[in-house]
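Fold and geometry: a report
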Amino acid sequence: MIPNVPPALDACFLGPYGENADLREQLVVDFLRDHVYWRRNFHPEDPPAIPTHAAARPDYQAFEARLRRELHQLSAALKKSVPFHSPRYLGHMVSDLLIPGLAAQILTLPYNPNNVSEDAAPVTVDLEVQVGLQLAKMLGYVHDPKRKDCAFGHLTSGGTVANYQALRLALALKAFPVALRAAEVPDLDLPDDDRAAFHLAPAAGIALLERWQDWLASQANGERRRWRERVQEQRIEHLGIAGFFARHDSLRVPVVLAPTTAHYSWSKGMKLLGLGRAQLRLMPARGMRLDLEAVDAELRRCAAVRQPVLMAVGVFGSTEYGTIDPIDGLVALREHHVEQGLGFAVHVDAAWGGYLATMFRNEDGSLRPLPAVRDSFRHFPSPPVHAAVAALGRTDSITVDPHKLGYLPYGAGAFICRDHRAMALLAEEADYVFHGATPQDYLARYRSLGQYIPEGSKSGSMAAAVYVTHQVLPLDHRHFGQLPRQTIVNTEAFHARAQRFATEVAAHARVMVPFAPDSNLVCLALNPAGNRSLAQMNAFVRALHDELRIDPSHPLQFKEFFGSMTTLKPDALGEDETRRILQALGLDPHTLGQDEDGDRIVILRHTLMNPYLIDQENGISYIDRYFDFLARRVRERVAAAA
Ligand SMILES: *Cc1c(COP(=O)(O)O)cnc(C)c1O
């Protein structure tokens with residue numbers, strides 16, 4: 001069965017063959033010319049400064065010759081790049097690039113806007129704020145800047161920095177009520193002691209912040225400044241972590257709970273913020289999805305020993321397995337523990353999976369019910385996945401990577417927080433002057449974007465790229481959603497084909513999909529028939545993977561397909577799942593952990609982002625071709641070993 005590719009997708013990409021080359025070229029040339037005319041029309045009375053005969057001079061020509069030579073060399077070298085655009089590429093989280101994004105980025109580059117502030121980016125800084133609102137709508141946050149609890153989002157270099165920003169904001173919000181107490185601000189109805197202040201939930205922290213801003217606004221001019229400075233001096237951002245906790249000896253450095261499947265950016269973030277890696281507590285998973293019982297037990301332990309919790313992280317689309325954590329359950333756990341006096345932030349790392357939410361959204365931003373979403377698929381989405389999407393709007397902040405499932409060039413991550421008022425705490429300069437709740441105030445505030453983001457100077461061309469993409473393909477199921485829809489349709493075909501493949505090669509190897517995919521990432525475990533040793537199976541899979549990865553010493557065309565590899569660790573699988581998988585593969589459980597390569601299960605990993613995996617035009621299924629290729633390789637390897 002060959003499913004339908006929605007025709008609209010045919011205009012989206014340059015295409016595996018460069019089919020849309022004319023469109024792409026025209027856009028680049030048109031808008032480059034347009035830029036040149038802009039220069040010439042700025043002050044047409046200014047004559048050309050570079051002499052018209054300069055191009056005839058030997059030094060000019062020598063320069064041009066060197067330039068061309070270097071560019072030719074670069075272009076030649078780049079032919080060794082990974083062919084992300086090809087339906088033969090099933091490796092990492094990248095595919096072809098959307099023409100709207102690439103065209104907007106190339107168009108904007110020569111104007112060189114710097115989104116650090118509106119002075120340097122009168123146009124693109126607003127686009128970045130709009131992108132935040134577009135993503136907020138996709139995720140189910142309030143996205144109307146007229147509302148005072150409107151969400152806010154900005155771009156980052158990637159998911160790593162967005163996750164870091166989430167930690168930074170959560171810590172600022174957690175420590176602020178303690179600072180208000182230390183500054184002895186009157187009339188705010190502050191918590192009774194430091195512990196209670198440090199255990200407030202983010203929503204309560206934001207309410208307190210607002211009370212403080214109102215109170216401050218009611219003070220006379222000189223008093224206002226004095227109080228602001230007095231509070232500033234008590235803030236964790238001023239004192240540093242050491243200074244802050246030295247002053248408040250009833251408090252401990254808070255911990256962050258994240259699943260074992262979490263990306264290593266969490267470890268980096270803990271180090272960078274100075275909280276320390278030891279404060280990152282990795283929670284077990286079951287079938288690669290966060291184990292809520294374990295989280296609940298950990299939260300109870302924390303409450304019992306008065307250990308503050310900064311944040312609980314849920315992953316919406318894990319990097320290695322594409323699995324989706326029970327965000328709804330995590331939010332419910334948070335509500336329960338807040339009632340018990342243990343407040344913390346809930347952050348969702350949706351760097352990979354964020355754009356999947358487009359399939360769940362109507363054009364007005366409302367959530368589509370499960371049966372409506374499921375209409376396009378055989379199995380997707382599972383009820384837990386639908387429930388996880390429905391709960392996104394109740395979290396505090398979310399990371400999304402436009403440069404992953406947004407099909408945009410690298411350098412585009414995004415951080416979105418549910419309630420923008422918290423951002424005042426990240427401002428480098430006192431941000432208490434903004435009081436209103438009109439869209440003008442909202443935009444005016446964030447035009448000095450550099451005050452709030454971890455970076456300073458930052459290309460406005462990326463904001464333009466993401467904004468234009470979201471305008472051409474709005475983030476709902478009828479538009480952008482068609483793209484992930486196609487990849488999920490392909491994933492279901494891939495999954496079904498993997499099961500047929502398992503039967504076809506049964507005489508040579510035991511093959512299984514270790515857990516049903518939540519999204520468009522499918523893993524495959526393969527064990528040579530008769531082998532009982534995990535280490536031997538791992539060596540076998542590594543050898544297969546060697547054929548599926550880039551090898552700069554050989555021409556690209558030698559490679560038939562590209563895939564990636566990952567491992568299953570028993571603590572991410574859970575005991576039952578580990579046992580089930582070892583058994584299904586015919587492995588002796590005693591060989592688990594027996595030697596160095598045997599403490600985890602090595603498997604193949606396939607990221608299915610390319611919408612042309614099934615080529616309707618020519619009736620080619622690259623999925624079939626891939627499994628034919630894999631079957632050949634498995635038979636050859638098993639025969640060679642015999
Ligand atoms: C990719 C990824 C990150 C890191 O994002 P970068 O854009 O590579 O910095 C973080 N979390 C998850 C779940 C990811 O998939």
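Each value, and the rule that gives it
Residues numbered from 1 in each chain as written. Predicted model: local features only at pLDDT ≥ 70, side-chain atom pairs only at ≥ 80, totals over all residues. Heavy atoms only, no water. Near = heavy atom within 4 Å. Polar contact = N/O pair within 3.5 Å; in protein donor to acceptor, adjacent residues only side chain to side chain. Helix = DSSP H or I, 4+ residues; strand = E, 2+ residues; numbered from the N terminus. Nonpolar A, V, L, I, M, F, W, Y, C, P; charged D, E, K, R; others polar. Phe/Tyr/Trp six-rings, centres within 6.5 Å; stacked < 30°, edge-to-face > 60°. Buried < 20%, exposed > 50% of the residue type's maximum accessible area, 1.4 Å probe, protein only. Domains from an automatic or database assignment. Buried area = accessible area lost by both parts, 1.4 Å probe. Salt bridge = Lys/Arg side-chain N within 4 Å of Asp/Glu carboxyl O. Pairing = 2+ DSSP bridges. Axes fitted to C-alpha atoms, helices over the stretch in contact; angles between N-to-C directions. Contact = heavy atoms within 4.5 Å. Parallel < 35°, antiparallel > 145°, perpendicular 65-115°, else oblique. Left-handed = near helix turned anticlockwise from the far one by under 90°. Core = buried A, V, L, I, M, F, W, Y, C linked by side-chain atoms within 4.5 Å.

To continue, consider the site of the ligand. Close to the ligand lie 14 residues, the nearest being Thr160, Asp349, Asp401, His403 and Lys404. The backbone of glycine 159 places a nitrogen or oxygen atom 2.8 Å from an oxygen atom of the ligand. Within the contact set of the ligand, a nitrogen atom lies 2.6 Å away from a side-chain nitrogen or oxygen of aspartate 349. For the shell around the ligand, the element with the most residues is helix H5 (residues 159–182), which contributes three residues. Looking at side-chain class alone, the shell around the ligand contains two nonpolar, nine polar and three charged residues.

This structure, assessed with the given rule, holds 25 aromatic pairs. Between the aromatic rings of tyrosine 89 and phenylalanine 562, the centroid separation amounts to 6.0 Å while the plane-to-plane angle is 40°, which identifies the pairing as tilted. Separated by 473 residues along the polypeptide, tyrosine 89 in the loop between helix H2 (58–77) and helix H3 (99–108) and phenylalanine 562 in the loop between helix H18 (534–546) and strand S12 (564–568) bring together distant segments of the chain. Residues tyrosine 89 and phenylalanine 562 agree in their burial class; the two are buried. Between phenylalanine 152 and tyrosine 446 the ring centres are 3.8 Å apart and the planes differ by 20°, which places this aromatic pair in the stacked class. Of this pair, phenylalanine 152 sits in strand S1 (residues 152–156) while tyrosine 446 sits in helix H15 (residues 439–446); the two residues are 294 residues apart in sequence, bridging distant segments of the chain. One aromatic cluster in this structure is built from Phe494, Phe501, Phe561, Tyr626, Phe627 and Phe629.

This part takes up the domain arrangement of the protein chain. Once the domains are mapped, the protein chain shows domain 1 (7–111), domain 2 (132–420) and domain 3 (483–641). For domain 1 and domain 3, the distance between their C-alpha centres works out to 38 Å. Both sides together, the interface formed by domain 1 and domain 3 hides about 2,000 Å², and carbon and sulfur atoms give 66% of it. A per-residue breakdown of the area domain 1 buries against domain 3 is headed by Pro87, Arg88 and Leu90, which together make up 37% of the total. Between domain 1 and domain 3 we count zero salt bridges in total. At the junction of domain 1 and domain 3, the tally comes to twelve residue pairs in polar contact (both at pLDDT 80 or more). Tallied by class, residues from the side of domain 1 that touches domain 3 come to twelve nonpolar, six polar and four charged.

Judged by pairing direction, the sheet is mixed, and its seven strands sit side by side in the order S1-S9-S8-S7-S6-S2-S3 without closing on themselves. The open sheet terminates on both sides in strands that have one partner only, identified here as S1 and strand S3 (280–283). Neighbour-to-neighbour, the strand axes of this sheet turn through a mean angle of 20°, independent of strand direction. Taken together, the five bridges between strand S6 (residues 309–315) and strand S7 (residues 345–350) define a ladder with parallel strand orientation. Within the sheet, the bridge partner assigned to valine 313 lies in S7 and is histidine 347. Its contacts with the sheet place helix H11 (residues 292–304) against strand S2 (255–259), S3 and S6, and it is angled at close to 145° to S3.

Further remarks concern the packing of helix H7 (residues 202–217) against helix H8 (residues 221–232). Axis separation between H7 and H8 bottoms out at 9 Å; the angle between their running directions is 150°. Relative to H8, the element H7 is oriented roughly antiparallel. Along the contact surface, H7 presents Trp212, Trp215, Leu216 and Ala217, while H8 presents Arg224, Trp227, Arg228 and Val231.

Our next topic: the pattern of salt bridges. Scanning the model with the defined rule gives 40 salt bridges in all. The shortest N-O distance in the salt bridge between arginine 286 and glutamate 293 comes to 3.5 Å. In the salt-bridge network here, residues are joined through shared partners; they are Glu547, Glu560, Arg632, Arg633, Glu636 and Arg637.

A few words now on the packing of H18 against helix H21 (residues 622–641). Between H18 and H21, whose axes approach to 11 Å, the crossing angle comes to 130°. With respect to each other, H18 and H21 are oriented oblique. Once H18 is placed against H21, the crossing between them reads as right-handed. Of the residues in H21, those in contact with Phe540, Ala543 and Leu544 of H18 are Arg633, Val634, Arg637 and Val638. In terms of residue class, the contact of H18 with H21 is built from five nonpolar, no polar and two charged.

In terms of nonpolar packing, the biggest core is built from 64 residues, with Leu180, Val185, Trp212, Met311 and Met423 touching the most fellow members. If one sorts the elements of this core by residue count, H5 sits on top with 13 residues. Ignoring anything within four residues of it in the chain, the contact list for methionine 311 reads Ala166, Leu167, Ala170, Val255, Val256, Leu257, Trp266, Phe344, Ala345 and His347. Core analysis: the next-biggest nonpolar cluster, separate from the first, contains 54 residues, Leu155, Phe316, Ile327 and Ile398 among them.

What follows concerns the sheet that holds S12. Spatial ordering of the open sheet is given by S10-S11-S13-S12, a layout of four strands whose pairing is antiparallel. With partners counted over all chains shown, the strands left at the sheet margins are strand S10 (509–512) and S12, one partner each. Pairs of neighbouring strands in the sheet enclose a mean axial angle of 35°, with direction left out of account. In terms of strand pairing, strand S11 (residues 521–528) meets strand S13 (residues 601–607) through four bridges, oriented antiparallel. Residue valine 522 lies in a different strand from S13, and its bridge partner there is histidine 606. In the packing of helix H17 (residues 482–504) onto the sheet, contacts are made with S10, S11 and S13, and the angle to S11 comes to roughly 10°. Along the sheet, H21 contacts S10, S11 and S13; its crossing angle with S11, the most-contacted strand, is approximately 20°.

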